[in-house]
Amino acid sequence: MSQPASPYNEELIADEAFLKSWVAGLKSDPYRSYLYSYPHKTSYRELDTKLPLSKLWSKEQAETFFLYMHIPFCGARCGFCNLFTLPDKRVSIHEEYVDALERQAVQLAPFVRHKPMARFAVGGGTPTLLEPRLLDRLFEIAEGRMGMNPQKASISVETSPETVTEERLAVLKYRQVDRISMGIQSLVESEVGAIYRPQKPDEVENALEQLKLAQFPIMNLDLIYGLPGQTVDSWLYSLNRVLAYEPEEIFLYPLYTREHTIVKPEQIRKQGKDLRLTMYEAARGSLLANGYKQYSMRRFAKQEAGTDKELLPYGCQEEGMVGLGCGARSYTRGVHYSSRYGVSRKATESIIADYVAAADYSFADYGFVLDQAEQKRRFILKALLHAEGLALYDFSERFGSSVLDDHPELQMLLRTGLATLESGLLRLTDEGMAYSDAIGDWFISSEVRHLMESYVLR
């Protein structure tokens, strides 16, 4: 899957009229595609041949691994959600799923236990929808089956306001969770109602009080800007209410809608002027003034935030991610794989049923094979879209070539003031950070773009 040569030559990159037109187009549509991983999940396809996980993981070069468990159940699907998750509160269904997850872990463990787990995350869905005993079983599987040492691994768990209880928090504290992450989105009832989220402000405040009392090393809270009916003032109201609890970390997400989400793109367009960039800038200013440091377009954290554990090292490129559970993605350097992806209830129920009924979890048959060109793009994107930036030496050390020779189009970011290059470090400027989603969308390969655009979602 080799990529064609870059369409941007030196003459074009130096053309002021071209650069002016290019950057204007970039800024005209800042919210194009959220690339929290590369290649995007909608570029995954059925692999030509099944790949034995024994061979796949024996070749992985990462020194430590990241263990991720996906719990694809939630109380209700929010109007913006396109994640692999199923609204289902039945304990019997949850138990069958955890049984399957353990069977998968038993089969996978021999292939990955030769290297330690530096991180462990449980996401979804809403993992804390599980009863306390089932939630505790996830940690038994991580420790007993996969060899995760809770004293050496950073542990993160996602939750939601309606599932925060003393019993569940007691399990998480006992299991040495370092980071608890809760999606709030908004503290204005009419705004969460507009995205079909059954959430009351009092419920959120109660959950925040319980989390604060539990004293996890890192409490992360998620908010969304650009919601239907949201104004800059109401957005800052939600942010200020959250800041009153002094979370160690805050993620700010622009609202994205797709044709297959409950809230459709045309509903958002009817609102008139897009205020998302204005909301981002207002929130960013407030967070910086309150002592937070910006680490990406979305992530803001207190510099002193962290755990007292002596953690194992883990590379920022996030390879060596071992996925357990239906919907979990796994990343090796050359292959990303997962179960199939769906959003509709019918599709997710079918995919989960197949996962639970499976007897063999020892191969990958659905994913994306990264050739050298795609590995380079992933490396660039994973570094450039974060405040740490892209170290030119690190790229040449890994790939044996110059990043600016391989991708001369990166000069366009420098020439338009969206990035700087100092002491061998290519970093987005404050303005460039604000346009991260547009920059990421611009930089993805033509092959990945084609696959994403041709994806038919069930």
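Please refer to the structure higher up on the page.
Residues numbered from 1 in each chain as written. Predicted model: local features only at pLDDT ≥ 70, side-chain atom pairs only at ≥ 80, totals over all residues. Heavy atoms only, no water.

A.B. asks: What's the story with the overall build of the protein chain in this structure? I'm lost.
C.D. replies: Helix and strand content of the protein chain: 19 helices and 18 strands. Expected size for 458 residues packed as a compact globule is a radius of gyration near 23 Å; at 22 Å, the protein chain falls within 12% of this value. With the C-alpha coordinates aligned to their principal axes, the bounding extent of the protein chain is approximately 65 × 55 × 45 Å. Taken across its 458 residues, the protein chain has 56% of its residues classed as buried. Of all intrachain contacts in the protein chain linking residues separated by at least 6 positions in sequence, the fraction that spans at least 24 positions is 79%. Here the protein chain has roughly 19800 Å² of accessible surface; of this, 50% comes from carbon and sulfur atoms. (Helix = DSSP H or I, 4+ residues; strand = E, 2+ residues; numbered from the N terminus. Rg over C-alpha atoms; globule rule 2.2 N^0.38 Å. Buried < 20%, exposed > 50% of the residue type's maximum accessible area, 1.4 Å probe, protein only. Contact = heavy atoms within 4.5 Å. Areas by Shrake-Rupley, 256 points an atom, 1.4 Å probe, with all protein chains shown as cover.)

A.B. asks: Is there a simple way to explain the nonpolar core in this structure?
C.D. replies: If you look at soluble globular proteins, the nonpolar side chains tend to sit buried side by side. Counting 136 residues, the largest nonpolar core has Met 146, Leu 252 and Leu 413 as the members making the most contacts within it. Here this core gets eight residues from one element, more than from any other, and that element is helix α4 (residues 91-112). In this view, Leu 252 contacts Leu 223, Tyr 225, Trp 235, Leu 239, Ala 283, Leu 287, Met 297, Arg 298 and Phe 300; residues no more than four positions away in its chain are not counted. Judged by nonpolar contacts, the second largest core, of 10 residues, contains Cys 78, Ile 195, Ile 224 and Tyr 253. (Core = buried A, V, L, I, M, F, W, Y, C linked by side-chain atoms within 4.5 Å.)

A.B. asks: How do you make sense of the pairing of strand β15 (residues 363-369) when you look at a structure like this?
C.D. replies: Moving residue by residue along a regular strand, the side chains alternate between the two faces of the sheet. With four bridges joining them, strand β1 (residues 45-52) and β15 adopt antiparallel strand pairing. Paired with Arg 45 across the two strands is Gly 367, which belongs to β15. Sheet topology note: the strand β14 (residues 335-338)/β15 ladder contains three bridges and is antiparallel. Pairing of His 336 across the sheet is with Phe 368, part of β15. (Pairing = 2+ DSSP bridges.)

A.B. asks: Got a minute to help me understand the sheet that holds strand β16 (residues 390-391) in this structure?
C.D. replies: Sheets are built from strands that pair by backbone hydrogen bonding, the pairs being arranged parallel or antiparallel. Spatially, the three strands line up as an open sheet ordered β16-β18-β17, and their pairing is antiparallel. Either end of the sheet is taken by a strand with one partner, and the two such strands are β16 and β17 (419-422). Across four bridges, the pairing between β17 and strand β18 (residues 425-428) is antiparallel. Among the inter-strand pairings, Thr 420 is bridged to a residue of β18, identified as Arg 427.

A.B. asks: What is the right way to look at the pattern of salt bridges in this model?
C.D. replies: Where charged atoms from two side chains of opposite charge approach closely, those side chains can pair. The tally for this structure, following the rule as stated, stands at 22 salt bridges. Between Lys 309 and Asp 178 there is a salt bridge whose closest N-O contact spans 2.9 Å. Taken together, the residues span a long stretch of sequence, with Lys 309 in the loop between β11 (299-302) and β12 (321-324) and Asp 178 in the loop between α6 (166-174) and β7 (179-185) at a distance of 131 residues. The buried category is assigned to Lys 309, whose relative accessible area is 18%. Linked by salt bridges that have partners in common, Asp 99, Glu 102, Arg 137 and Arg 145 make up one network. (Salt bridge = Lys/Arg side-chain N within 4 Å of Asp/Glu carboxyl O.)

A.B. asks: Before we go on, may I ask you to explain helix α8 (residues 201-214) in this structure?
C.D. replies: An α-helical turn contains 3.6 residues, so a residue and the one three or four places further along point in the same direction. Spanning 14 residues, α8 covers 20 Å between terminal C-alpha atoms, matching the ideal 20 Å at 1.5 Å per step. The inward-facing, buried residues of α8 abut α6, β7, β8 (218-225) and α9 (232-243). Following α8 by one or two positions, Gln 215 has its phi on the positive side, about 60°. (Expected span 1.5 Å × (residues − 1).)

A.B. asks: What is the right way to look at the packing of aromatic side chains in this model?
C.D. replies: The geometry of two aromatic rings is summed up by the distance between their centres and the angle between their planes. Enumeration over the complete set of coordinates arrives at 17 aromatic pairs. With a centroid separation of 5.6 Å and 90° between ring planes, the pair formed by Phe 379 and Phe 399 is classed as edge-to-face. Residue Phe 379 is located in helix α13 (residues 372-384), and its partner Phe 399 is located in helix α14 (residues 392-399); the two are separated by 20 residues in the primary sequence. In this structure Phe 379 comes out as buried when scored by relative accessible area, which is 9%. (Phe/Tyr/Trp six-rings, centres within 6.5 Å; stacked < 30°, edge-to-face > 60°.)

A.B. asks: For this particular structure, what's the right way to read the environment of Ser 338?
C.D. replies: Mapped onto the secondary structure, Ser 338 falls in strand β14. On the basis of relative accessible area, Ser 338 is assigned to the buried category, the value being 14%. A sequence separation of 238 residues divides Ser 338 from Ala 100, and the C-alpha atoms of the two residues are 15 Å apart.

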